[in-house]
Amino acid sequence: MITVVFTLYFIFIIYITIGFFRLPKEKPLESYDEKVTVVMAVKNEAKTIKNCLESLSLQTYREVEFIIVDDNSSDETASFIRLSKLFSLGRLRLIHATGEGKKRAIKQAISEAKTNIILTADADVSYPRTWVEAMVSSYLQSGADLVIGPVKMSREYPLQCMEYLSIMGITAGSAGNNNPLMCNACSMAFSKEWYNKCDVQLSVPSGDDMFLLESTKKLGGTVHFCNSGEAEVTIKGSDSLKEFFRQRARWTSKAPHYTDLSIIASGALVFAMQCLMIGIYIMSFWNPALLVWVAAKYIIDMLILLPTAIRFKKTSVLVYSPIVALYYPIYVVLTAILSLLPVKWKN
C-alpha cells in the first residue's frame, strides 16, 4: 500500500513540475483602452480593506471601474470604503447585497458591471500598480476564457507562506499542462458573457473561484495562467489558528461538490498521502525504519516547492519546510474533519 500511494504521488508531483516548467512566459505588456471592471465582495473587512483599496487606487491602467458589494458587514467596512480615494473620485461603486453569501454578492457585482471584461479581487490582498494592466494584457493576448493570476503570501507568515507555495505550485503546474486544478478568486479575469454561461453553484457557501474554473473546463473553455511578475498579488495570512482553520475548512467544504475528475482524483491522492503519513507516524513508534518514507515524501515535495519558491522569490521560507512537512498531514486531515461542520463565508 505504501509503495503504491508513494508511486502515484511521485508521478503526480513530476507531472505538476513538468507543467510548471512548460508555462510560457508572458508577452510584454501592451497598452489597451478596453474598459474593465474590478469586482469585490466584502463582509467585515475593516482590518484589511483600507490597504487593499489604497493599492487598487494606484493602478497604472486607467480605464477601470471598481464595484464592491457589501454583504451586510457589521463593522466599519462600508465607512472605510466611502472614505477611500477611489470612492471620492467616483471610480468605485458601493452596493448593498440583495442576497446572502460571497457568490451571490460577486454575481450581483458582475450584473452591475457596464463592461464585458471582469477582474475579481479580495479585500485581504495587496495589489501591485501593474496588476490590472498585466491581467488585461494576459487576457487579451492569450484569448483565454479564464485567466488565473499569480498569488503569493506575505513574508510575515512564513509557515503559511510555505503552504501557499505548494498551492501555487500546483496551480501553475497544472495550468502549464492545460489541465488546471486550482485557482484563487483574488486574481482572475474573464468576460461577463462567459461568467453568465458558467454554473458557480450558488447553493454552496464557498468556491466562487473553483466552480468557475470547473465550469469553464466542463464547457470546453480555455484557461491561462498569467505567468507575469507584474501581476503577482500578495495575500495576507490568517492572524490566529481559529481564523486559519475556519478559512481552510471553508476551502475544503466545497470538495464534495466537485465533478471534474482530474480535480477529484488529484485531491483524493493528496489526501490519501496525508492519511498514509499519519499512519506512518504512528507505526514508526514500533518500527522506526518507516521514517525513511517521511524523508522520501519531503524530497518528492521539494521537486515542485523549490522551483516555485525561486519563481516567487520566497526561497528564504524554505528553512521552515521540514517543520511544515511534519505537521502538514495532521493539518490536512484535521481540516477535512472540520469541513464536515456547517460552513459560512464570514460570521
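Residues numbered from 1 in each chain as written. Predicted model: local features only at pLDDT ≥ 70, side-chain atom pairs only at ≥ 80, totals over all residues. Heavy atoms only, no water.

A. Layout of the packing of helix α1 (residues 2-22) against helix α12 (residues 292-311). Between α1 and α12, the shortest axis-to-axis distance is 11 Å and the interhelical angle comes to 10°. Relative to α12, the element α1 is oriented roughly parallel. The residues of α12 that touch α1, namely those facing I2, T3, F6, Y9, F10, I13, I14, I16, T17, F20 and F21, are W293, A296, K297, I300, D301, L303, I304, P307, T308 and R311. For the contact of α1 with α12, the residue count by class is 15 nonpolar, three polar and three charged. (Axes fitted to C-alpha atoms, helices over the stretch in contact; angles between N-to-C directions. Helix = DSSP H or I, 4+ residues; strand = E, 2+ residues; numbered from the N terminus. Parallel < 35°, antiparallel > 145°, perpendicular 65-115°, else oblique. Contact = heavy atoms within 4.5 Å. Nonpolar A, V, L, I, M, F, W, Y, C, P; charged D, E, K, R; others polar.)

B. Molecular detail of the sheet that holds strand β7 (residues 151-153). Overall, mixed pairing links the three strands, which are arranged β5-β10-β7 in an open sheet. Each end of this open sheet is capped by a strand with a single partner; those strands are β5 (125-126) and β7. Inspection of the sheet shows β5 paired to strand β10 (residues 233-235) by two bridges, in the antiparallel sense. Residue pairing across strands places V125 opposite I235, the latter belonging to β10. (Pairing = 2+ DSSP bridges.)

C. Spatial organisation of the environment of T115. The topology assignment puts T115 in the loop between α5 (102-112) and β4 (117-120). Owing to a relative accessible area of 12%, T115 belongs among the buried residues under this scheme. Considering only alpha carbons, one finds T115 and P288, 173 residues apart in sequence, at a separation of 61 Å. Dropping the residues within four chain positions of it, T115 is found in contact with K35, V36, T37 and K192. A distance of 2.7 Å separates a polar atom in the side chain of T115 from a polar atom in the side chain of T37. Within polar-contact distance, the side chain of T115 engages the backbone oxygen of I117 at 3.0 Å. (Buried < 20%, exposed > 50% of the residue type's maximum accessible area, 1.4 Å probe, protein only. Polar contact = N/O pair within 3.5 Å; in protein donor to acceptor, adjacent residues only side chain to side chain.)

D. Structural view of the sheet that holds strand β9 (residues 223-225). What the seven strands build is an open sheet, ordered β3-β2-β1-β4-β8-β6-β9; its pairing is mixed. The open sheet terminates on both sides in strands that have one partner only, identified here as β3 (92-96) and β9. On average, adjacent strands in this sheet sit at an angle of 20° to one another, irrespective of strand direction. Pairing between strand β2 (residues 64-70) and β3: five bridges, direction parallel. If you follow V69 over to β3, its bridge partner there is I95. Here α5 sits on the sheet in contact with β1 (36-42), β2, β3, β4 and β8 (188-191), set at roughly 155° to β1. Of the strands in this sheet, β1, β4, β6 (146-148), β8 and β9 are in contact with helix α6 (residues 131-142), which crosses β4 at around 130°.

E. Molecular detail of empty space enclosed by the protein. Applying the stated rule across the entire model yields four cavities of 30 Å³ or more. For the largest cavity, the calculated volume is near 50 Å³. If you trace the largest cavity, you find it lined by K103, I106, T120, M188, F190, Y195, D208 and L212. Of all the elements in the fold, those that place two or more residues in the lining of the largest cavity are α5 and β8. The class makeup of the residues in the lining of the largest cavity is five nonpolar, one polar and two charged. (1 Å grid on protein atoms, 1.4 Å probe; cavity = no way out; pocket = protein on both sides within 12 Å on 5 of 7 lines; lining within 4 Å. Points joined across faces, edges and corners; volume = space filled by probe spheres on them.)

F. Region of interest: the side chain of Q59. When you line up the elements, Q59 lands in the loop between α2 (49-57) and β2. For Q59, the side chain forms a polar contact with the main-chain nitrogen of W131, separated by 3.3 Å. Once residues within four sequence positions are removed from consideration, Q59 is found in contact with Y127, P128, R129, T130, W131 and V132.

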